[in-house]
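# Topology and contacts: notes
Listed below are the residues making up each chain.
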Amino acid sequence: MDKIIAQLEGVLARYDELQEMMADPDVISDTKRYMAVSKEEGSMRDVVQKYKHYKTVMHDIEESEEVLADSKDSDLEELAKEDLANLRSEKDTLEHEILVLMLPADPNDDKNIIMEIRGAAGGDEASLFAADLLGMYEKYAERQGWSFEIVDENKTDVGGYKEVAVMITGDRVYSKLKYENGAHRVQRVPVTESAGRVHTSTATVAVMPEYDEIDFQLDPKDIRVDVYRSSGAGGQHINKTSSAVRMTHLPTGIVVAMQDQRSQQQNREKAMQILRSRVYDFYETQNQDKYDENRKNKVGTGDRSERIRTYNYPQNRVTDHRIGLTLNKLDRIMNGDLDEIIDALIVHDQAQKLENLQNAGVQ
């Protein structure tokens, strides 16, 4: 803990400096600089408040220990012992909370996301399960007060999805949904199964942070843009303007086609948002050594071939294989009640990072 204390003293000094800067008229008059200073100050606020409380507790422990050492009054000694026990318990709790706050933050946690869901093994049943997952995430987003928008879709004849892409925007979306990356398996009796046999199908979920031009720039020379007419009803109602957009990132071959928006400009903007995130995600996964090393500290947020969760309908059961969590409330989970699973994944992720931090010699 000594190394952490030294870091915390540095954080405290920087926090005081930032507060002085926020009161400086020159900083206040520079909107961009003030926003940057304010954001840095806000990111430190929780850990600074917790550390100040910790310092108060440590001071109180010293005082109680002095009272015990000098006291000849048995009643006063008993009170000091009780206070000391409570203070030491509070100290242990604060140390754990501070360590969690000092863990390296995921720079993408406050970003919106683009989520892509694809039917995988299982034909029509896999596409139907992809639609069920889409509904689950839409209901979860609604519970969180987030915005949920389908930006691209390829439906099947049975009412499922070969693939569907959605944009989810709101407060710290990536921080909660990043753990959904991977293969989701369903066990249930398909509606087309006359003998009532349980089948197993899968769908894959990809979660990508939404990057803007400040985060990640694409070279315009690397992008080929084709425009064409959106598919319409035909006849006299056919779309006479080329509003649909297809963007191809030439170095990677990644293609995004968009025709769901009302104008070519809107389709361009949506296509670029998705293309930017897909290309960034591609380059991240290509740097395999770094990518694998990064994933060691994560709860399966990278490899989409990894089977992360099973949804068993006959037994109303959901199992997350990464953390060994089983819940017998599939019906509620498919209705968007994902909090218990996501909270458990966050806690497990933090525990792994704490262990790595302590194994690195930060005691």
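What comes next is a walk through the structure.

Rules used in this analysis
Residues numbered from 1 in each chain as written. Predicted model: local features only at pLDDT ≥ 70, side-chain atom pairs only at ≥ 80, totals over all residues. Heavy atoms only, no water. Pairing = 2+ DSSP bridges. Helix = DSSP H or I, 4+ residues; strand = E, 2+ residues; numbered from the N terminus. Axes fitted to C-alpha atoms, helices over the stretch in contact; angles between N-to-C directions. Parallel < 35°, antiparallel > 145°, perpendicular 65-115°, else oblique. Left-handed = near helix turned anticlockwise from the far one by under 90°. Nonpolar A, V, L, I, M, F, W, Y, C, P; charged D, E, K, R; others polar. Phe/Tyr/Trp six-rings, centres within 6.5 Å; stacked < 30°, edge-to-face > 60°. Core = buried A, V, L, I, M, F, W, Y, C linked by side-chain atoms within 4.5 Å. Buried < 20%, exposed > 50% of the residue type's maximum accessible area, 1.4 Å probe, protein only. Contact = heavy atoms within 4.5 Å. Expected span 1.5 Å × (residues − 1). Bend = angle between axes of the 7 residues up to and from the residue.

A few words now on the sheet that holds strand β10 (residues 317–320). Taken together, eight strands build an open sheet; the order of strands is β2-β3-β1-β5-β4-β9-β10-β11 and the sheet is mixed. Whereas interior strands pair on both sides, the edge strands pair on one side only; in this sheet they are β2 (147–155) and β11 (325–327). For this sheet the average axis-to-axis angle between neighbouring strands, irrespective of direction, equals 15°. Relative to β11, β10 runs antiparallel, the two being bridged by three bridges. Across the sheet, the residue bridging to T319 is T326, located in β11.

The next point concerns the packing of helix α3 (residues 31–70) against helix α4 (residues 74–102). Helices that pack against each other are described as a pair by the angle of their axes relative to one another and the distance between those axes. Contact geometry of α3 with α4 gives a least axis separation of 9 Å together with a crossing angle of 155°. On the basis of their axis angle, the class for α3 and α4 is roughly antiparallel. The crossing of α3 and α4 is left-handed. Class assignment of the residues belonging to the contact of α3 with α4 gives a composition of 16 nonpolar, two polar and 12 charged.

Inspection of every chain in the model, using the stated rule, returns three aromatic pairs. Aromatic pair Y51 and Y54: ring centres 6.3 Å apart, planes at 20°, arrangement stacked. One end of the pair, Y51, and the other, Y54, are both in helix α3, three residues apart, so they sit about a helical turn from each other. Taken together, a centroid distance of 5.4 Å and an interplanar angle of 65° make the contact between F129 and Y311 edge-to-face.

Core analysis: the biggest nonpolar cluster contains 36 residues, and M115, I117, L133, Y137, I168, L177 and Y311 have the highest contact counts within it. Elements that contribute at least two residues to this core include exactly β1 (113–119), α5 (124–144), β3 (161–169), α6 (173–177), β5 (199–209), α9 (330–334) and α10 (339–359). Ranked by residue count, the leading element in this core is α5, at nine residues. The residues touching M115, leaving out its near neighbours within four places in the chain, are Y137, V164, A165, V166, L177, V205, A206 and V207. Y15, L18, L84 and L354 belong to the second-largest nonpolar core, a separate cluster that totals 25 residues.

Now for the pairing of strand β7 (residues 244–249). Burial within β7 is extensive, with five of its six residues counted as buried. By the bridge criterion, six bridges tie strand β6 (residues 223–228) to β7 in an arrangement that is antiparallel. Within β7, the residue paired with V227 across the bridge is V245. Here β7 pairs with strand β8 (residues 254–258) via five bridges, running antiparallel. The residue bridging R246 from the neighbouring strand is A257, located in β8. The antiparallel pairing of β7 with β8 creates a hairpin that spans four residues between the two strands, and G253 there sits at a positive phi of about 80°.

As a further point, take α3. In a regular helix each residue adds 1.5 Å, so 40 residues correspond to 58 Å; α3 covers 57 Å between its end C-alpha atoms and thus fits that length. Remark: the principal bend of α3, roughly 45°, maps to R45. Turning to α3, its buried residues number three or more, namely V37, E41, M44, V47, V48, Y51, Y54, V57, I61 and S64.

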